[in-house]
Amino acid sequence: MSPSPAIRTRNIRRAFESRKGFLFNEVVRTEALKGVDLEVDPGEIFGLLGPNGAGKTTLTKILSTLLIPTEGTAEVLGLDVVRDAARLRPQIGLVLGGERGLYNRVNARENLRYFADLYGVPTAERSRRIEEVLERVGLADAADRRVEEYSRGMKQKLHIARGILHRPVMLFLDEPTIGLDPKSARETRKLVRSLVADGVTIFLTTHYMFEAEELCQRIAVLSRGRIVAKDTVQGLRRLVGGDRTLEVEGYGFEDAEVNALRQLPGVSRLKYEEFGPRTRYTLRVRTTELTPPAIQASLSGHPELAIRERRTSLEDIYLDLVEEEAA
Ligand SMILES: Nc1ncnc2c1ncn2[C@@H]1O[C@H](COP(=O)(O)OP(=O)(O)OP(=O)(O)O)[C@@H](O)[C@H]1O
Ligand SMILES: [Mg+2]
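Residues numbered from 1 in each chain as written. Chains lettered and ligands numbered in written order. Predicted model: local features only at pLDDT ≥ 70, side-chain atom pairs only at ≥ 80, totals over all residues. Heavy atoms only, no water.

**Topic: the pairing of strand β10 (residues 226–231)**
The condition is simple: In short, DSSP must find at least two bridges between two strands for them to pair. Runs of H or I in DSSP of at least four residues are treated as helices and runs of E of at least two as strands, each being numbered from the N terminus.
Where strand β9 (residues 218–223) meets β10, five bridges bridge the pair, whose relative direction is antiparallel. Opposite leucine 222, over in β10, you have isoleucine 227 as the bridge partner.

Okay, here's the thing in structure tokens:
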């Protein structure tokens, strides 16, 4: 029997009502989530991708008991996020980031002391635990400075320290590396991997495709409140139509030539972009047979063609999925 999932949601919906207009008398209803079904396995790093406003933070907040769904149910670690919220909270960590949620007037160590009490970290262990997380996120040297003096990246690290202080078995990270410089971002990804090695399950959102590709076993793409795809990166590559991406660039293509390109064997998708007088066609290709010489042969009137081949990246896949959804 497979172990029960770390997260399981059924038809999660969430609407927000806000007031607009001159007298705030116009009620606007936004459906942030329109029926989300997800399963996350214990011990995996699950990535949630999606454009701004797709509903990622809303879903993260629902799963971490900060928001109640309008409809549907969600279980985390076998506990219902609404009914069993009080029992679930000590077992999960949440890192939302941003300016809020930290005490600016005191230093990092004092911040963590406060949260340790809040999370019920045993007094005997408190100091050791605080030093350990400060070290782990790379804030040990700055731990005596007031948080108001911190850079955005340092605050983000403190948010992460706070999120793991009570040793949660499930950690929610909403854009964990936003605002971090490349070195700090890399250290944070390393930290995420070390947490997983300790048995923690991670649910993370990100706008950085390479980060998702590097860290996540499985990825879901959320678009306008709906999951439009979920799979491994390799599975998503197959879904959008192939491992290989060929870029064909030239001048003044006729419609018939474009159709010929589209109909070449193995081509599953064709997009074009214009750069001044030049046009670039991007082809997703399923087979290995379609080679640059074969493309050149089918466009014999274009000796100027430049053809490049690369592996379909998660960013290509993501854009295909999100553009398809918007079409
Ligand atoms: N408290 C709120 N009141 C009204 N609308 C809200 C509220 N919170 C979120 N929304 C709306 O719900 C939708 C989803 O927002 P959400 O913050 O979950 O998106 P997101 O995917 O996290 O976006 P981003 O990538 O920009 O962080 C948006 O249309 C947003 O305006
Ligand atoms: Mg968000």
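**Here's the deal with the domain arrangement of the protein**
Put simply, the rule is: Where each domain starts and ends comes from a domain assignment, either automatic or drawn from a database.
Parsing the protein into structural domains produces domain 1 (7–237) and domain 2 (242–311). Taking the mean C-alpha position of each, domain 1 and domain 2 sit 41 Å from one another.

**Concerning the packing of helix α8 (residues 233–240) against helix α11 (residues 314–326)**
Under the convention used in this document: To obtain each axis, a line is fitted to C-alpha atoms, and for helices this fit is confined to the stretch in contact; angles are then taken between N-to-C directions over 0 to 180 degrees. Relative orientations are named as follows: roughly parallel for angles under 35 degrees, roughly antiparallel for angles over 145 degrees, roughly perpendicular for angles from 65 to 115 degrees, and oblique for any other angle. Working rule for handedness: look at the near helix, and if it is turned counterclockwise from the far one by less than a right angle, call the crossing left-handed; if clockwise, right-handed. Any two residues whose heavy atoms approach within 4.5 Å are treated as being in contact.
The interhelical angle for the contact between α8 and α11, taken along N-to-C directions, is 50°, at an axis separation of 10 Å. It follows from the interaxial angle that α8 and α11 lie oblique. Seen along the crossing, α8 lies across α11 with a hand that is left-handed. Each of Val233, Leu236, Arg237, Leu239 and Val240 in α8 lies in contact with α11, whose residues at this interface are Leu314, Ile317, Asp320 and Leu321.

**Overview of the sheet that holds strand β7 (residues 170–174)**
A sheet is described by the order of its strands in space; here six strands give the open sequence β6-β7-β8-β3-β9-β10, paired in mixed fashion. One side of each edge strand has no neighbouring strand; the edge strands of this open sheet are β6 (92–95) and β10. Between one strand and the next, the sheet's axes are offset by a mean angle of 15°, whatever the strand orientation. Across five bridges, the pairing between β7 and strand β8 (residues 201–205) is parallel. Within β8, the residue paired with methionine 170 across the bridge is threonine 201. Against the sheet, helix α1 (residues 56–63) engages β3 (45–49), β6, β7, β8 and β9, with an angle of about 150° to β8. Sheet contacts for α8: β9 and β10; angle to β10, the most-contacted strand, approximately 115°.

**Regarding the environment of isoleucine 130**
Selection rule: The cut-offs for exposure are 20% and 50% of the maximum accessible area for each residue type, with area from a 1.4 Å probe on protein chains only; residues under the lower value are buried, those over the upper are exposed, and the others partly exposed.
When you line up the elements, isoleucine 130 lands in helix α4 (residues 123–137). Of the residues examined, isoleucine 130 reaches a relative accessible area of 2% and is grouped as buried. With 30 residues separating them in the primary sequence, isoleucine 130 and arginine 100 have C-alpha atoms 20 Å apart. Setting aside its immediate chain neighbours within four residues, isoleucine 130 contacts Arg109, Leu112, Arg113 and Leu165.

**Describing the site of ligand 1**
Put simply, the rule is: One heavy atom suffices: a residue is near a molecule or strand as soon as one of its heavy atoms comes within 4 Å of it. In the analysis that follows, any N or O atom pair within 3.5 Å is treated as a polar contact, provided that within protein one partner can donate a hydrogen and the other can accept it, and provided that, for residues neighboring in sequence, both atoms belong to side chains. Under the scheme applied, nonpolar residues are Ala, Val, Leu, Ile, Met, Phe, Trp, Tyr, Cys and Pro; charged residues are Asp, Glu, Lys and Arg; polar residues are all the others, including Gly.
Taken together, 13 residues lie near ligand 1, and Gly53, Lys56, Thr57, Thr58 and His207 sit nearest. Side-chain polar atom of asparagine 52 to an oxygen atom of ligand 1: 3.0 Å apart, as the coordinates give it. In the environment of ligand 1, an oxygen atom lies 2.8 Å from a nitrogen or oxygen atom belonging to the side chain of histidine 207. Breaking the shell around ligand 1 down by element, the ones donating at least two residues are β2 (26–40) and α1. Of the residues forming the shell around ligand 1, the biggest block, three residues, is contributed by α1. Per-class residue counts for the shell around ligand 1 are four nonpolar, seven polar and two charged.

**Focus: the packing of aromatic side chains**
We describe a pair of aromatic rings using the distance from one ring centre to the other and the angle between the two ring planes. Keep this limit in mind: Pairs were defined over the aromatic rings of Phe, Tyr and Trp, the Trp ring being its six-membered one, requiring ring centres within 6.5 Å. Orientation was assigned from the angle between planes: stacked under 30 degrees, edge-to-face over 60, tilted for the rest. When the NZ atom of lysine or the CZ atom of arginine is within 6 Å of a ring's centre and also within 35 degrees of its normal, the charge is said to sit over that ring.
Counting across every chain of the model gives nine aromatic pairs. Aromatic pair tyrosine 103 and phenylalanine 115: ring centres 6.1 Å apart, planes at 40°, arrangement tilted. In this pair, tyrosine 103 is assigned in the loop between β6 and α3 (108–118) and phenylalanine 115 in helix α3, connecting sequence segments 12 residues apart. Under the relative-accessibility criterion, phenylalanine 115 is labelled buried at 4%. Through pairs of rings, three or more aromatic residues link up here, namely Tyr103, Tyr114, Phe115 and Tyr119. Geometry around phenylalanine 115 places arginine 162 over its ring, the cationic atom sitting 4.2 Å from the centre.

**Re the sheet that holds strand β5 (residues 79–80)**
In a beta sheet, neighbouring strands are held together by backbone hydrogen bonds and run either parallel or antiparallel to one another. Here four strands make up an open sheet; going across it, the order is β2-β1-β4-β5 and the pairing antiparallel. Edge positions in the open sheet fall to β2 and β5, since each of these has one partner strand only. In this sheet, strand β4 (residues 71–76) lies alongside strand β1 (residues 7–20) in antiparallel orientation, the contact comprising five bridges. Bridging across to β4, threonine 9 finds its partner in alanine 74. Relative to the sheet, α1 contacts β1, β2 and β4, its axis offset from that of β1 by approximately 120°.

**A few points about the side chain of glutamate 249**
Looking at the secondary structure, you find glutamate 249 in strand β11 (residues 244–251). At 2.9 Å, the side chain of glutamate 249 and the side chain of arginine 308 are in polar contact. The residues contacting glutamate 249, other than those within four sequence positions of it, are Arg278, Thr279, Arg280, Glu304, Leu305, Ala306 and Arg308.

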